[in-house]
Amino acid sequence: MSNLNLLYIELAICLITLIIVYKHSKIVGLYAYSIALFSISNIMSLKTITIQNFDLNLGIIPFVTVFIASNIIIQKKGPEEVKKFILFLIASSIIIYLFLYSKKLLISSNINLFTNISYDNIFNGSERIYFANIVTMLYALIFNYKLYYYLKRIKNKIWISNLFSSIIINFITAILFPILAYALIEEPIDIIKLIIIRYLISLIVSIIGTIPIYIANRIEVK
């Protein structure tokens, strides 16, 4: 199965899970979903794949669906709730990294030696990429909730708010992450190619993500 097809499956799983979690657990469910998916995104970002000769860090789809969850929170609860959401998200991501990294410092036994070494290697020199993902998310979420809410007040149409905020926010994240993660260590042309593929995939995910926002908007929050 091709890398692209696997990304399609990943997208379907993320969006279906998002809808199910929100239907059963409402805003609390969105918090749990976002913390889990962003943590997964941070770890997945340490691996890159190739799509049509473009290199791409994994974790981009879970990353973008966190913005979809954030937009649902804005739609249902307003911008004040998103401020708490951002604090929970960033704090949990840093705590999870520190916890995982501390396990790397433990001396491994000879049982499952290959697996032990593989685990340790994941965190060797990965700090820059991991925290590039966190910083990008923090900056973009702050900008996104202000922009989305502004568009919502001007024209209370979900597709307008989501589409126009996505075009701008995804462009910012597509540029910011590769620069933070790879500037001065990768060739400029490779960074530009990474920006292009991240932006295209992010935009596609965001546009499709309009569907769960509409569905969530029809679900009553108690």
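Parameters at a glance
- Residues numbered from 1 in each chain as written.
- Predicted model: local features only at pLDDT ≥ 70, side-chain atom pairs only at ≥ 80, totals over all residues.
- Heavy atoms only, no water.
- Helix = DSSP H or I, 4+ residues; strand = E, 2+ residues; numbered from the N terminus.
- Rg over C-alpha atoms; globule rule 2.2 N^0.38 Å.
- Buried < 20%, exposed > 50% of the residue type's maximum accessible area, 1.4 Å probe, protein only.
- Salt bridge = Lys/Arg side-chain N within 4 Å of Asp/Glu carboxyl O.
- Expected span 1.5 Å × (residues − 1).
- Contact = heavy atoms within 4.5 Å.
- Phe/Tyr/Trp six-rings, centres within 6.5 Å; stacked < 30°, edge-to-face > 60°.
- Lys NZ or Arg CZ within 6 Å of the ring centre and 35° of its normal.
- Pairing = 2+ DSSP bridges.
- Patch = residues over 30% accessible without salt bridge, like charges linked within 9 Å, V, L, I, M, F, W, Y side chains within 5 Å.
- Areas by Shrake-Rupley, 256 points an atom, 1.4 Å probe, with all protein chains shown as cover.
- Lys, Arg positive; Asp, Glu negative; His and termini not counted.
- Charge placed at Lys NZ, Arg CZ, Asp CG, Glu CD.

Engineer: Is there a simple way to explain the overall build of the protein chain in this structure?
Structural biologist: Of the regular secondary structure elements, the protein chain holds eight helices and two strands. Starting at the N terminus, the α and β elements of the protein chain follow one another as α-β-β-α-α-α-α-α-α-α. Here the C-alpha radius of gyration of the protein chain, 18 Å, is about what a compact globule of 222 residues would show, namely 17 Å. For the protein chain, the C-alpha atoms occupy an extent of roughly 60 × 40 × 35 Å along the three principal directions. Residue burial in the protein chain is summarised as follows: out of 222 residues, 47% are buried.

Engineer: Explanation requested: the pattern of salt bridges in the structure shown.
Structural biologist: It is possible for side chains bearing opposite charge to pair when their charged atoms get close. Applying the stated rule across the entire model yields two salt bridges. K83 is paired through a salt bridge with E80; the nearest N and O atoms lie 3.1 Å apart. Pair noted here: K83 and E80 are both in helix α3 (residues 79-104), with a separation of three residues, about one helical turn. Given the relative accessible area of 53%, E80 is considered exposed.

Engineer: What am I meant to see in helix α7 (residues 188-208) here?
Structural biologist: An α-helical segment advances 3.6 residues per turn. Residues three or four places apart therefore align on the same side. For α7, built from 21 residues, the straight-helix expectation of 30 Å at 1.5 Å per residue is met to within 8% by its first-to-last C-alpha distance of 31 Å. Along α7, the positions that sit buried rather than exposed are I191, L194, I195, I197, R198, Y199, I201, S202, L203, V205 and S206.

Engineer: Which parts of the structure should I look at to understand α3?
Structural biologist: Given a rise of 1.5 Å per residue, 26 residues ought to cover 38 Å, and the 38 Å separating the end C-alpha atoms of α3 matches this to within 8%. Residues of α3 that are buried: P79, E81, V82, F85, I86, L89, I90, S92, S93, Y97, L100 and K104. Where α3 is buried, its residues contact α1 (3-44), α2 (60-77), α4 (113-122) and α5 (127-154).

Engineer: Explain the side chain of N144 to me, please; I cannot follow it from the model alone.
Structural biologist: Along the chain, N144 falls in helix α5. Exposure remark for N144: the relative accessible area of 2% places this residue in the buried category. Each residue touching N144, except ones within four places of it in the same chain, is listed here: F67, S70, N71, S165 and I169.

Engineer: What exactly am I supposed to notice about the packing of aromatic side chains here?
Structural biologist: Aromatic ring pairs are defined here through the distance separating the ring centres and the angle between the ring planes. Applying the stated criterion across every chain yields a total of 10 aromatic pairs. Summarising the aromatic geometry, the rings of Y97 and F131 are spaced 5.1 Å apart at their centres and angled 70° between planes, so their arrangement reads as edge-to-face. Of this pair, Y97 sits in helix α3 while F131 sits in helix α5, placing them 34 residues apart in sequence. Note on Y97: relative accessible area 3%, which makes it buried. Among the aromatic residues, ring-to-ring pairing joins Y97, Y101, Y130 and F131 into one connected group. Across the ring face of F99, the terminal group of K103 is positioned such that the distance to the ring centre comes to 4.9 Å. A cation over a ring is seen here: K193 above F54, with NZ or CZ 5.5 Å from the ring centre.

Engineer: I keep staring at the pairing of strand β2 (residues 54-57) and nothing clicks. Help me out?
Structural biologist: On any regular strand, side chains alternate: one points to one face of the sheet, the next to the other face. Across four bridges, the pairing between strand β1 (residues 48-51) and β2 is antiparallel. Considered in β2, the bridge of I51 is made with F54. Between the antiparallel neighbours β1 and β2 lie two residues, among them Q52 with a positive phi of about 50°.

Engineer: Explain a negative patch on the surface here, please?
Structural biologist: On the surface, D55, E186, E187 and D190 cluster together to form a negatively charged patch. For E187, the location among the structural elements is in the loop between α6 (158-182) and α7.

Engineer: What exactly am I supposed to notice about the side chain of E10 here?
Structural biologist: Along the polypeptide, E10 turns up in helix α1. Dropping the residues within four chain positions of it, E10 is found in contact with M44, I61 and P62.

Engineer: Explain the environment of S109 to me, please; I cannot follow it from the model alone.
Structural biologist: Tracing the backbone shows S109 in the loop between α3 and α4. With 32 residues separating them in the primary sequence, S109 and K77 have C-alpha atoms 49 Å apart.

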